[in-house]
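Breakdown of the fold
Next come the chains, spelled out residue by residue.
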Amino acid sequence: MRLGIGAFELDVDLKVEAGEVVAVLGPNGAGKTSLLRGLAGLLPLDAGRVVLDGVVLDEPAAGVFVPSERRPIAMVFQDYLLFPHLTVLENVAFGLRSRGTSRSEATATAHRWLERVGLQTEAPRKPGSLSGGQAQRVALARALATSPSLLLLDEPMAALDASTRVDLRRDLRCHLESFRGVRLLVTHDPVEALAMADRLVILEQGRLLQSGSPAEVTQHPRSRYVADLVGVNLFRGRASHDVITLAEGGSLTAAGAGEGDVFAVVHPRTVALYRTRPDGTPRNVWEGRAVDLDLQGDRVRVQLAGAPRIVAEVTPAAVRELGLDRGDTVWIGVKATEIVVYPA
Amino acid sequence: MALPVRKPTRVRPAAPVALLVLAGVGAAFFVIPLIGLMLRTPWAATWDQLRSPEVLAALRLSLLASFSATAIALVFGVPLAWTFARLTFPGRAVLRAVTVLPMVLPPVVGGVALLLAFGRRGLLGGWLATTFGIHLPFTTTGAIIAETFVAMPFLVITVEAGLRSMDTRFEDAARTLGASRWTVLWRVTLPLVRPSLAAGAVLCWARALGEFGATITFAGNFPGRTQTMPLAVYLALETNPDAAIVLSLVLLAVSLAVLIGLRDRWLGAS
């Protein structure tokens with residue numbers, strides 16, 4: 001699908017299997033919400049197409065556009081958007097009533113849904129009096145009551161207090177597991193994505209950068225965004241005879257780097273720092289300047305400028321021994337066997 | 001150890017003295033004329049004046065015309081406000097300016113314009129008269145039209161502002177739940193802008209009730225037919241000042257009663 005809003009352009013090719021929970025992860029402004037709005041039919045595509053269960057919902061080239069209200073797609077919005085003038089029960093029954101179900105049947109179904117999310121006592125109340133977690137469950141019940149084939153969730157945890165988020169995430173995962181359709185979740189919180197999803201999709205600046213199981217994505221990041229989330233150093237370059245010439249300058253020697261365009265991952269823990277030039281085993285040795293030191297738990301993360309720039313994780317004792325401070329120059333060493341290389 | 005629970009007390013903001021003085025003058029400006037009216041009211045004769053057929057007729061006509069004008073304004077003004085708030089089309093700015101023009105136009109000019117449109121030899125008036133036998137000028141319907149013309153812009157701009165400030169994602173949510181555009185409008189949009197609808201309707205009604213210039217120009221001043229309260233007050237002032245005061249007092253009481261009555265029920269004021 002492709003769509004543009006002003007100067008922003010989203011260009012994504014995504015195929016989701018039935019029954020999958022997919023988390024779309026990306027920084028703010030990556031186009032995550034636009035992706036959902038495009039799928040929901042709230043934002044018409046400029047090009048490409050949206051197909052659900054073999055039915056084309058949007059294909060500008062063919063002149064096909066199924067409006068939102070006739071798509072079997074439900075959406076849980078970021079701040080839930082429960083209708084403030086309707087009771088909780090009327091909110092949950094809204095979708096069924098809109099689709100022509102009789103009042104008594106819609107009410108009965110809505111009651112059942114409220115029971116499933118444990119909120120039947122809230123039925124006659126207005127949404128204004130609900131807590132964030134309750135509002136989330138009502139929003140979920142309202143979306144699922146229409147029996148959609150695709151459920152979209154836009155940052156479902158963003159409106160909740162950090163203190164209750166862990167419990168509520170577990171609840172949400174349980175409720176999502178009981179739904180058999182496709183669930184597409186959008187988030188900028190990697191923990192949320194990892195906790196909920198069978199598959200991660202990384203979106204950045206309107207482009208799909210990577211897609212795969214959480215393990216694949218975190219072990220073989222293909223973007224600086226993911227590398228930063230996981231906390232590893234990511235390099236991109238061209239390999240030839242075990243030497244990778246990096247795009248940002250400098251080079252790395254890695255065992256079994258192969259040939260061609262590659263990504264190389266170096267875990268900060270495996271980066272060694274020396275006061276003087278080491279003459280030991282590390283195959284990669286270069287000089288760098290400490291730009292920033294950051295204490296994280298029992299380790300210090302040292303940001304180093306150089307060719308290439310890299311992050312090292314050392315113990316506070318090592319920092320003391322080196323007498324390392326911001327602006328100091330040190331030697332950096334990385335063993336060739338500690339570099340993970342995979343094709344770009 | 002249990003901490004003593006203190007009720008949150010609101011800290012009164014420190015008001016600059018100059019501000020209070022100016023606010024006092026502003027308030028006095030509204031209160032003093034009211035007192036003047038009360039002091040000069042011939043209370044003894046009030047009851048007789050009130051029961052006079054002329055006063056009752058004027059009051060009845062005023063209420064009929066102002067509520068009819070408000071109803072018409074709601075039927076046509078809300079769709080107009082929605083169009084201005086949600087659609088972009090060439091000439092929207094001009095059309096919008098023309099619609100709210102009666103707010104700044106002297107009402108007499110409005111009355112003249114109405115005559116030129118719906119009068120016997122007006123743009124549509126002749127056609128209306130020959131085709132449907134409808135004569136608007138100098139009829140009760142004419143008075144209602146004149147009041148609508150002057151008062152509807154208040155409703156349009158209030159509702160338009162409400163629609164613009166409303167979170168339209170509620171409409172998106174309704175649509176993803178399967179609501180047609182019509183259902184979205186009735187079950188989501190209009191309920192959410194209810195405060196604006198109520199405020200707009202009250203403003204519109206108040207303006208219609210007080211309307212004088214356009215009404216007397218377009219509908220004339222026929223007791224029982226087009227002579228609304230403001231017209232009756234103005235005429236009585238020449239012949240029977242006591243009656244004018246009583247009429248004014250009635251107008252005042254009716255306005256206050258409606259404003260206060262609607263305030264709690266519709267404007268959501270707490």
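Given the structure is predicted, the values throughout are model-derived calculations rather than measurements.

What follows is about the overall build of chain A. Counting its regular elements, chain A contains nine helices and 21 strands. Taken along its principal axes, the extent of the C-alpha atoms in chain A is 80 × 45 × 35 Å. Sequence separation of 24 or more characterises 63% of the internal contacts of chain A that already satisfy a separation of 6 or more.

This paragraph deals with helix α5 (residues 107-118) of chain B. Each α-helix turn comprises 3.6 residues. Residues three or four places apart therefore point the same way. Residues and elements named next belong to chain B. With twelve residues, α5 ought to run about 16 Å at 1.5 Å a step, and its terminal C-alpha atoms sit 16 Å apart, in line with that. Turning to α5, its buried residues number three or more, namely Pro-107, Gly-110, Gly-111, Leu-114, Leu-115 and Phe-118. Here the buried residues of α5 occupy an arc of 145° about the axis, which is enough to place them on one side. Elements in contact with the buried residues of α5: α4 (92-104), α6 (125-132), α7 (140-165) and α11 (213-218).

Below, the discussion takes up the interface of chain A and chain B. The interface of chain A with chain B comprises 17 residues on the first partner and 14 residues on the second. Elements with a minimum of two residues in the side of chain A that touches chain B: β7 (73-76) and α2 (88-98) of chain A. Each residue belonging to the side of chain A that touches chain B can be placed in one class, and the counts come to nine nonpolar, five polar and three charged.

Okay, the domain arrangement of chain A next. Residues and elements named next belong to chain A. Taken domain by domain, chain A holds domain 1 (2-227) and domain 2 (231-343). A straight line from the C-alpha centre of domain 1 to that of domain 2 covers 40 Å. On the domain 2 side, the residues contacting the five residues of domain 1 number six residues.

Here we come to the pairing of strand β5 (residues 55-59) of chain A. Both faces of the sheet carry side chains from a regular strand, because those side chains alternate between them. Residue and element names in this part refer to chain A. The pairing of strand β4 (residues 50-52) with β5 spans three bridges and is antiparallel. What sits directly across from Leu-52, in β5, is Val-55. In this structure, the hairpin formed by β4 and β5 is closed by a connection of two residues, where Asp-53 is found at a positive phi of approximately 50°. Both β5 and strand β6 (residues 64-65) contribute to a ladder of two bridges, which runs antiparallel. Following the sheet pairing, Asp-58 is matched in β6 by Phe-65. Hairpin connection of β5 to β6: four residues between the antiparallel strands, including Gly-63 at a positive phi of 70°.

With that settled, consider the packing of helix α3 (residues 53-86) of chain B against helix α10 (residues 194-210) of chain B. All names here are of chain B. Taken N-terminus to C-terminus, the directions of α3 and α10 make an angle of 140°; their axes are 9 Å apart at the nearest point. By the angle between their axes, α3 is oblique relative to α10. In the packing of α3 onto α10, the handedness of the crossing is right-handed. Facing Ser-62, Ala-65, Ser-66, Phe-67, Ala-69, Thr-70, Ala-73 and Leu-74 of α3, the residues of α10 in contact are Ala-201, Cys-204, Trp-205, Ala-208 and Leu-209. Here the residues of the contact of α3 with α10 sort into ten nonpolar, three polar and no charged.

Here we come to the sheet that holds strand β13 (residues 243-246) of chain A. Residues and elements named next belong to chain A. A sheet is described by the order of its strands in space; here five strands give the open sequence β14-β13-β12-β15-β21, paired in antiparallel fashion. The open sheet has two edge strands with one neighbour each: β14 (251-253) and β21 (339-343). With strand direction ignored, the average angle separating the axes of adjacent strands in the sheet is 35°.

Proteins that are soluble and globular tend to have nonpolar side chains buried together. Ranked by size, the top nonpolar core spans 125 residues in total, and within it Ala-23, Val-24, Val-92, Leu-152 and Leu-185 of chain A carry the most contacts. The element best represented in this core is α7 of chain B, accounting for 14 residues. Among residues more than four places away in sequence, those in contact with Leu-152 of chain A are Leu-36, Leu-39, Ala-40, Ile-73, Met-75 and Leu-184 of chain A. In this structure, Ala-264, Leu-324, Val-330 and Ile-339 of chain A belong to the second largest nonpolar core, which totals 23 residues.

Below, the discussion takes up the pairing of strand β10 (residues 199-204) of chain A. All names here are of chain A. Within β10, five of the six residues are buried, which leaves it mostly tucked inside the rest of the structure. Sheet topology places strand β3 (residues 21-25) next to β10; four bridges connect them, and they run parallel. Counted as the bridge partner of Ala-23 is Leu-200 from β10. Bridge count for β10 against strand β11 (residues 207-212) is five bridges, and the pairing is antiparallel. Within β11, the position partnered with Val-201 by the bridge is Ser-211. The antiparallel pairing of β10 with β11 creates a hairpin that spans two residues between the two strands, and Gln-205 there sits at a positive phi of about 45°.

Moving on: the confidence of the model for chain A. Per-residue confidence for chain A gives a mean pLDDT of 87, with 97% of residues at or over 70. The element-level mean pLDDT for chain A is lowest in strand β1 (residues 2-5) of chain A, coming to 58, with α2 of chain A highest at 94.

Now for unusual backbone geometry. All names here are of chain A. With omega at -5°, the peptide bond leading from Ala-307 into Pro-308 counts as cis. Relative to the assigned elements, Pro-308 resides in the loop between β18 (299-306) and β19 (310-314). With a phi close to 75°, Tyr-80 is a non-glycine residue in the positive phi region. A positive phi angle, near 50°, is found at Ser-147, a position not held by glycine.

It is worth spelling out the confidence of the model for chain B at this point. Residues and elements named next belong to chain B. With 93% of its residues at a pLDDT of 70 or more, chain B shows a mean pLDDT of 88. At the low end of the mean pLDDT range in chain B sits helix α13 (residues 241-266), at 79; at the high end sits α7, at 95. For this predicted complex, the interface confidence comes out at an ipTM of 0.79, alongside a pTM of 0.79.

Right, let's get into α4 of chain B. Taking 1.5 Å as the rise per residue, α4 of chain B with 13 residues should run 18 Å; its terminal C-alpha atoms sit 19 Å apart, in good agreement. If you look at α4 of chain B, its biggest bend is around 30°, right at Val-98 of chain B, and the proline Pro-102 of chain B turns up within four residues after that.

A sheet is described by the order of its strands in space; here three strands give the open sequence β4-β5-β6 (chain A), paired in antiparallel fashion. What marks the edges here is a single partner per strand, and that holds for β4 and β6 of chain A.

Calculation criteria
- Note on numbering: residues in each chain are counted from 1, in written sequence order.
- Here the convention is simple: chains get letters from A, ligands get numbers from 1, in the order in which they are written.
- The predicted nature of this model means local features are confined to residues of pLDDT at least 70 and side-chain atom pairs, given and counted, to a pLDDT of 80 or more, with totals for whole chains, interfaces and linings taken over all residues.
- Only runs of H or I of at least four residues qualify as helices and only runs of E of at least two qualify as strands under DSSP, and these elements are numbered from the N terminus.
- A residue pair is marked as a contact if its C-beta atoms, positioned from the backbone, fall within 7 Å.
- Expected span, for any helix, means 1.5 Å times one less than how many residues it has.
- Burial is judged by counting other C-beta atoms within 10 Å of a residue's own C-beta: 20 or more means buried, 12 or fewer means exposed, and anything between counts as partly exposed, with every C-beta placed from the backbone.
- Picture the helix axis, draw a direction to every C-beta atom, and the arc is the one those directions span.
- Gly counts as polar in this scheme, as do all residues outside two lists: the nonpolar Ala, Val, Leu, Ile, Met, Phe, Trp, Tyr, Cys and Pro, and the charged Asp, Glu, Lys and Arg.
- Domain segmentation is taken from an automatic or database assignment of domains.
- Any two strands are treated as partners once DSSP identifies two or more bridges connecting them.
- Under this scheme, a helix contributes an axis fitted over its contacting stretch, all axes are lines through C-alpha atoms, and angles between N-to-C directions fall in the 0 to 180 degree range.
- What sets the label is the angle itself: under 35 degrees gives roughly parallel, over 145 gives roughly antiparallel, 65 to 115 gives roughly perpendicular, and the rest give oblique.
- If you view the pair so one helix is near and one far, a crossing is left-handed when the near helix is turned anticlockwise from the far one by less than a right angle, and right-handed when it is turned clockwise.
- Think of a nonpolar core as buried Ala, Val, Leu, Ile, Met, Phe, Trp, Tyr and Cys residues, each tied to the set through C-beta atoms within 7 Å.
- Confidence scores here are pLDDT values: one per residue, from the predictor, ranging 0 to 100.
- Each residue is assigned a bend, namely the angle between axes fitted to the seven residues that terminate at it and the seven residues that start at it.

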